[in-house]
Amino acid sequence: MARPTGFAAAVSCLTLALVSSASATTYYATPTGSASACSQAEPCDLPTAVGVAVTGDVVSVGSGTYTLADTLWIDQSGITIAGTPGAERPVIESAGQVIYTPQDDLRLRDLRISAAAPVSPIIRAASATPDKVDIATTSGSYQVISARDLTLRDSVVRSATQGGVAIVTANATIVGSTIIANAHSASRAIGIARSYFGESPAVTRIGNSILIGGTHSIEAAETGVDLSIDYSSYTTILGDGAPGVTTHVGTHNVGAPLLVDLPGRTDIRQADGSPTINAGKPGELTTGSDYEGGPRLLAIVELIQTLCLALGPGALA
């Protein structure tokens, strides 16, 4: 939960390189792309690139804004849709649902995704891994993410809908992320619903994350839920103590964060003095870099700055 610093993320570059293996094909999309080859020299539009990708392929999304007329339907498993680490994040926006796939292993990386008034989840997938992604609603009546199996890493999810829950899932691993549901007093950041997805049990692990809801941060909606949370910030768990709901609350959780929304920015930062800064556990439930690619531990940044001042001008040359 360290404060973002804006440094480049070599780890993200390495991760993307590993995904883009020799056996995979990379298709390229830009906001003005119109070709059919979807090559780097002749990019296509985003729906075309997603439509030709098959299992293991990567859709590389160039910077800019993509306004969708229809939902991106993905009928292949193991598709990656990714911006370029270190570059300005592409914005994928729609009035309603943005991505739907009944398949497994949808991977999203280095993107901004938003919907104005969804009547179904912005992202609905059998299983999904958003990594360094900003996903938000501004109004509407449904969730931001609905996935049976979810791995959310170093991301920001914000819901302004009346759906009540920002994320609905059965099994989840949530690390280094901020999830906010603030539409009304009954809103929750995450809801765990076993039978909704046909899972038994539903196992969710949360660490190094900030969860902000209305009355509650988390809802364990049914029996057969196994929830663990530590090194995080949240208020209460709806369903805690109910029959069949098992909760493991660690001893390292902290109080409410102090957050600031920077002018012209859609990501939310922790303000100076927030109890969440450097309150996470490094090396276990988190990666080495945050949403903006900066070091997770603020102390590392301060140490570098101190050394540079001591060494004088040109220390980083």
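Here, every reference points to the structure presented above.
## Examining the overall build of the chain
A tally of regular secondary structure across the chain gives four helices and 22 strands. Relative to its 317 residues, the chain shows a buried fraction of 50%. Residue pairs in contact within the chain that sit at least 24 positions apart in sequence constitute 44% of those at least 6 positions apart. In the structure as shown, the chain presents an accessible area of about 13300 Å², 55% of it carried by carbon and sulfur atoms.

## Overview of the pairing of strand 11 (residues 156-159)
Looking along a regular strand, one sees side chains alternate from face to face of the sheet. Taking every second residue as pointing to the same face, both faces of strand 11 are buried, with V156 and R158 on one and V157 and S159 on the other. Bridge count between strand 9 (residues 123-137) and strand 11: three bridges; the pairing is parallel. By the bridge assignment, D134 is partnered in strand 11 with V156. Across four bridges, strand 11 lies against strand 13 (residues 178-181) in parallel orientation. Bridged to R158 within strand 13 is I180.

## Some points on the state of the cysteines
Applying the stated rule across the entire model yields one disulfide. Bridging C38 to C44, the disulfide has an S-S length of 2.0 Å. The S-S bond linking C38 to C44 shows a torsion near 105°; that makes this disulfide right-handed. In terms of burial, C38 and C44 fall into one category: buried.

## Regarding unusual backbone geometry
At C38, a residue that is not glycine, the phi angle is positive and equals roughly 60°. Of note, C38 is situated in the loop between strand 1 (26-29) and helix 2 (46-52). For Y231, which is not glycine, the phi dihedral falls at a positive 50°. Tracing the chain through its elements places Y231 in the loop between strand 18 (225-230) and strand 19 (237-238).

## Regarding the nonpolar core
Grouped together as the largest cluster of nonpolar side chains are 61 residues, with contacts concentrated most on L46, I81, I99, L108, I113, I167 and I218. Here this core gets seven residues from one element, more than from any other, and that element is strand 12 (residues 165-175). When sequence neighbours within four positions are dropped, the list of residues in contact with L108 reads I81, I99, I113, I123, T129, P130, D131 and V133.

Conventions and cut-offs
- Residues numbered from 1 in each chain as written.
- Predicted model: local features only at pLDDT ≥ 70, side-chain atom pairs only at ≥ 80, totals over all residues.
- Heavy atoms only, no water.
- Helix = DSSP H or I, 4+ residues; strand = E, 2+ residues; numbered from the N terminus.
- Buried < 20%, exposed > 50% of the residue type's maximum accessible area, 1.4 Å probe, protein only.
- Contact = heavy atoms within 4.5 Å.
- Areas by Shrake-Rupley, 256 points an atom, 1.4 Å probe, with all protein chains shown as cover.
- Pairing = 2+ DSSP bridges.
- Disulfide = S-S within 2.5 Å.
- Core = buried A, V, L, I, M, F, W, Y, C linked by side-chain atoms within 4.5 Å.

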